[in-house]
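Given next are the chains, with one letter for each unit.
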Amino acid sequence: MADHRNGNGQPNGKAAGAGSPYSIDLPKFSERLKILYSHWNKHKSDLWSSTDVLAVATPPPSEDLRYLKSSALNIWLLGYEFPETIMVFMTKQIHFLCSQKKVSLLDVVKKTAKEAVGVEVVMHVKAKNDDGSALMDAIFRAIHAQAKLDGNESPVAGYIAREAPEGKLLETWADKLKNANFQLVDVANGLSDLLAVKDKEELVNVKKAAFLTTNVMNNIVVPKLENVIDEEKKVTHSVLMNDTEKAILEPSKAGAKLKAENVDICYPPIFQSGGEFDLRPSAASNDELLYYDSASVIICAVGSRYKSYCSNVARTYLIDANPLQSKAYEVLLRAHDAAISELKPGNKVSAAYQAAFSIVEKDAPELVPNLTKSAGTGIGLEFRESALNLNAKNDRVVKAGMVFNVSLGLQNLKNQTNNSKNQNFSMLLADTVIVDNDKAEVVTSKSSKAVKDVAYSFNEDDEEEDQKLKGKAEGNGTDASMSKTTLRSDNHEVTKEELRRQHQAELARQKNEETARRLAGGGPGTGDNRATSKTLTDLIAYKSVNDLPPSRDLMIQIDQRNEAVIFPIYGSMVPFHVATIRTVSSQQDTNRNCYIRIIFNVPGTPFSPHDASSLKFQGSIYLKELSFRSKDPRHISEVVQQIKALRRQVVARESERAERATLVTQEKLQLAGNRFKPIRLSDLWIRPVFGGRGRKIPGTLEAHANGFRYSTTRQDERVDIMFGNIKHAFFQPAENEMITLLHFHLHNHIMVGNKKTKDVQFYVEVMDVVQTLGGGKRSAYDPDEIEEEQRERDRKNKINMDFQSFVNRVNDLWGQPQFGGLDLEFDQPLRELGFHGVPYKSSAFIVPSSTCLVELVETPFLVVTLSEIEIVNLERVGLGQKNFDMTIVFKDFKRDVLRIDSIPSTSLDGIKEWLDTTDIKYYESRLNLNWRQILKTITDDPQSFIDDGGWEFLNLEASDSESEHSEESDQGYEPSDIEPESESEDDPSESESLVESEDEEEDDSEADSEEEKGKTWEELEREASNADKEKGNESDSEEDRKRRKMKAFGKSRAAPSSSARKRSKLR
């Protein structure tokens, strides 16, 4: 097969057969052969020029980068490029002329072609030293014979006119074709239209190529440029080109998990600066040094291929841009976006260029002569699909599945300067765009082209600052050159803050528009945020009276088998299911009488919601409380303990049953079996832990065909995690922590033991938590101490390496095509961006990752998906505050906000910078807000929220007047040291249901509130009497009532004479 530079030289289909490293994917061949013949028949008269025969000859392999339609057809139809091969398509036959080796590979298509389109495949084997003339004559005879049958004496033969014949075989073929009494026509247009619309597999290849391209741009090109400029290195364009090309050919360098044999460059990467610019695709990087002085422009273009499918991205970077450059770039950016937005199914191709032209003509008419004459071309197996040229004259219609390289530039612009290096400049933007059913998807969007990301400010011309710093340097006897670095740093920081403010203003606008659309559509964000109460099933202890156990005496009995408690009431034994009992308690009075008190779940009371049973029997009368007296304290104690134990058991069982009932059914795990050996990681602990009272033991995590399986030596301790249920996967090596861990955050809950969870973690302790008892303080130079520390370091490094190896192998597994739609990859939290805070009840170190904000060491775990965040409000931010709070508001307004308390103020700038770089809009406030009330107001009247400016009511910079909003601020104030309300913990509708936790049950039973215990009639009467005395009768005067009230508090303030009389009376 050909070298991969000349096409797809590597297998692109099924596994190799015995005797050949390549094999043709027959189902794909069948499908695409049908598409070819259907397209040919449908568009024969226009795109295919009424051809009766299609003759496609592929030239010999070449080391040069080139794009040929013959090679593209080979790869599209057969999966590989077949050099020095002639293919002739007729209505009844397909002829292949090639070597014996290629014929042996192509033989398998005979049956498939017959079944697909009813054609016969004829193979012509060319001997090694034969020029193939005799075989060509046989093909021509077959063509003429078919033409005679069709009544056509001079058949029309289509070929690719622009591809000049190369090699002896193709030259002989070209000469014979011209002299074979055929009407020759060019079919390049037909082939271009055939290959223009890509299927799903082709689009996946384009997306993977785009993924590699953007990774190279973000992880290799931009950091390299920043390093060169920041350290003022001298590097040539050609060196940058070579480094970038190596990164493309070794995807792991750019952080792309793609196989190196499937990738290649589209063209040598292009780097241009210093006044010499060429915006043509054929441009090359010269050997001049990268020029990055003030008012300079750098153009970078990178293109990569995955399985021969191309992608492209180009960016322009501005160094200390002057007003002309800034304006030109902003206009170009708007024009580029306008062109992309017009690439919708049904639009003409020319609409893209016309949209870009209109923007330039309207916003900067002086730049119209400098605008490129095209906005790009189609892209796919060819880098430039010329039939889809985005110019002003192309009237072809855009279709879903087309892919475009939208490349727009401004060329030959001039600065008013005498410096030849930045007198002339050009600008270029390019993105790979896939046309979906209703819009255009920019698959290279991860490489930012926003002004804030491409404009660098290193201005060193602030003369006043320079003079001050120079004077200080001379006075101190230090080198005056230090001023350059200091000035650059200071100016950079100021500019960065200003850019952040501008970016946040733009985010605020976008966020308000997005929220308005969502609320108007009635999507997530509407509805009440109240949890639904859990219902009780029909509870039946005994089906009939005959099932009651025989009563020994009129004593309380516990029937463990039927889960019932039988109470003696008015001489009869009355059974109650244990689930109807809310609390049970006992106490002893001074006369050594023991009392047992049973409180039942009564529907309709403040702490007991209506369940299904109460709604079914609405006319029933419910018993609220029972009390019994006994002289036997031991019996009372046993009864209380037995009821509690039985209730705890039933609650646990019903809780697990209710949780399992809400689980989403998972697919079945497909074990690796003989196909491949499962990827294994041993001696892991799991969180949440399995239930049971036995000793906990570690287990093994295995990656199988469609999920993970964790199991221990115990048969019942096993957890399956499907790849399709994984929302986020994290790998966190031990640095300052005691554990190395893998963490999976899931879409849907699963059961781990008897616990329902969305977070499953596997970890290993890298150091033994052991404290030496006895013995004094050891020396820092103690050899045993040093050796022990070294052993701990070695153990930690080995564990981290084992985990890293497991993660890499799983990432390679997830990179296979069948998992392409899951978009799975292990994410590693970025410790350098972390900060301390209190997300729940204890302080923790919270760390951002590329997609989430996480805390994975302390339980409960914190995993917040960044794409689900609406806004972030930084609360209690102000001068003199040592810490502040961060409130995260989610796009789904049904969810409670998440508040992270007590974040040190030293982390404020870092958090702002992180939020800004992740395109999350944040606000600041001086007080904590009542978010439940705010969200309720928004969902109750979304239109008023939109009309009043959306989230801008949080913007302190918009209005600094506290007095205008004092009433609103007071209403929303909530002290920071009070725990925020949580529906799941505090909602009374859930707290007293049957399905509740053991801890809550024990709390209820151990420490009952005064309200639950109730009061005796004597106590209630005494309280009422005291209240009457305090209030007095209605006929009493105000002075009398006040006097009684004062006296009740022991603070009598009557007149002196009255006081004297009272004192004399007491004597």
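Everything below is about the structure shown above.
Residues numbered from 1 in each chain as written. Predicted model: local features only at pLDDT ≥ 70, side-chain atom pairs only at ≥ 80, totals over all residues. Heavy atoms only, no water.

Caption draft 1: Region of the structure containing the sheet that holds strand β20 (residues 594-600). Here we have three strands laid out as an open sheet, ordered β19-β20-β21, and antiparallel in their pairing. Two strands lie at the open edges of the sheet, namely β19 (581-588) and β21 (625-630), each paired on one side alone. Across the sheet, the mean angle separating the axes of adjacent strands is 15° when strand polarity is ignored. Here β19 runs beside β20; their pairing, made up of seven bridges, is antiparallel. By the bridge assignment, Ser586 is partnered in β20 with Ile596. (Pairing = 2+ DSSP bridges. Helix = DSSP H or I, 4+ residues; strand = E, 2+ residues; numbered from the N terminus. Axes fitted to C-alpha atoms, helices over the stretch in contact; angles between N-to-C directions.)

Caption draft 2: Region of the structure containing the pairing of β21. Across the two faces of β21 the burial differs, with Leu626, Phe628 and Ser630 buried and Glu625, Ser627 and Arg629 not buried at all. Sheet topology note: the β20/β21 ladder contains six bridges and is antiparallel. Paired with Arg597 across the strands is Ser627, a residue of β21. (Buried < 20%, exposed > 50% of the residue type's maximum accessible area, 1.4 Å probe, protein only.)

Caption draft 3: Focus on the packing of aromatic side chains. Under the counting rule described, the total for this entry stands at 27 aromatic pairs. Arranged with centres 5.7 Å apart and planes meeting at 50°, the rings of Tyr37 and Trp40 form a pair that is tilted. You can see Tyr37 and its partner Trp40 sitting in helix α1 (residues 26-42), three residues apart, about one turn around the helix. By relative accessible area, Tyr37 is classed as buried at 8%. Aromatic pair Phe708 and Trp814: ring centres 6.0 Å apart, planes at 80°, arrangement edge-to-face. Here the residue Phe708 occupies a position in strand β24 (residues 707-711), and Trp814 occupies one in helix α18 (residues 783-814), the gap between them amounting to 106 residues. Trp814 matches Phe708 in its accessibility class, with the two residues each being buried. (Phe/Tyr/Trp six-rings, centres within 6.5 Å; stacked < 30°, edge-to-face > 60°.)

Caption draft 4: Focus on unusual backbone geometry. In the segment running from Arg687 into Pro688, the intervening peptide bond is cis, with an omega of 0°. If you trace the backbone, Pro688 turns up in the loop between β22 (679-687) and β23 (699-703). With omega at -5°, the peptide bond leading from Thr859 into Pro860 counts as cis. You can see Pro860 is positioned in the loop between β32 (852-855) and β33 (862-865). Positive phi, close to 55°, is recorded for Asp683, a residue that is not glycine.

Caption draft 5: Focus on α1. For α1, spanning 17 residues, the distance from its first C-alpha to its last is 24 Å, which sits close to the expected 24 Å at 1.5 Å a residue. Along α1, the positions that sit buried rather than exposed are Lys28, Phe29, Ser30, Arg32, Leu33, Leu36, Tyr37, His39 and Trp40. (Expected span 1.5 Å × (residues − 1).)

Caption draft 6: Examining the packing of helix α2 (residues 69-78) against helix α7 (residues 188-196) more closely. At a closest axis distance of 11 Å, the pairing of α2 and α7 adopts a crossing angle of 40°. Accordingly, the angle class assigned to the pair α2 and α7 is oblique. Every pair of crossing elements has a handedness; the one defined by α2 and α7 is left-handed. Across the interface between the two elements, Lys69, Ala72, Leu73 and Trp76 of α2 pack against Ala188, Leu191, Ser192, Leu194 and Leu195 of α7. By residue class, the composition of the contact of α2 with α7 is seven nonpolar, one polar and one charged. (Parallel < 35°, antiparallel > 145°, perpendicular 65-115°, else oblique. Left-handed = near helix turned anticlockwise from the far one by under 90°. Contact = heavy atoms within 4.5 Å. Nonpolar A, V, L, I, M, F, W, Y, C, P; charged D, E, K, R; others polar.)

Caption draft 7: Layout of the side chain of Thr236. Among the secondary structure elements, Thr236 is positioned in the loop between α8 (200-230) and α9 (237-249). Residue classification places Thr236 among the buried residues on the basis of a relative accessible area of 16%. Among the polar contacts listed, one links the side chain of Thr236 to the backbone nitrogen of Val239, at a separation of 3.2 Å. Those residues in contact with Thr236 that sit more than four places away from it in its chain are Asp287, Glu288, Leu289 and Leu290. (Polar contact = N/O pair within 3.5 Å; in protein donor to acceptor, adjacent residues only side chain to side chain.)

Caption draft 8: Just the sheet that holds strand β2 (residues 85-89), in detail. Taken in spatial order, the six strands of this open sheet run β4-β3-β2-β1-β5-β6, and their pairing is mixed. The sheet is open, and its two edges are formed by β4 (120-125) and β6 (183-186), each paired on a single side. When strand polarity is set aside, the average angle formed by the axes of neighbouring strands in this sheet is 20°. Across four bridges, the pairing between strand β5 (residues 156-159) and β6 is parallel. The residue bridging Gly158 from the neighbouring strand is Val185, located in β6. On the sheet, helix α5 (residues 133-149) packs against β1 (53-58), β2, β3 (93-98) and β4 and is oriented at approximately 170° with respect to β3.

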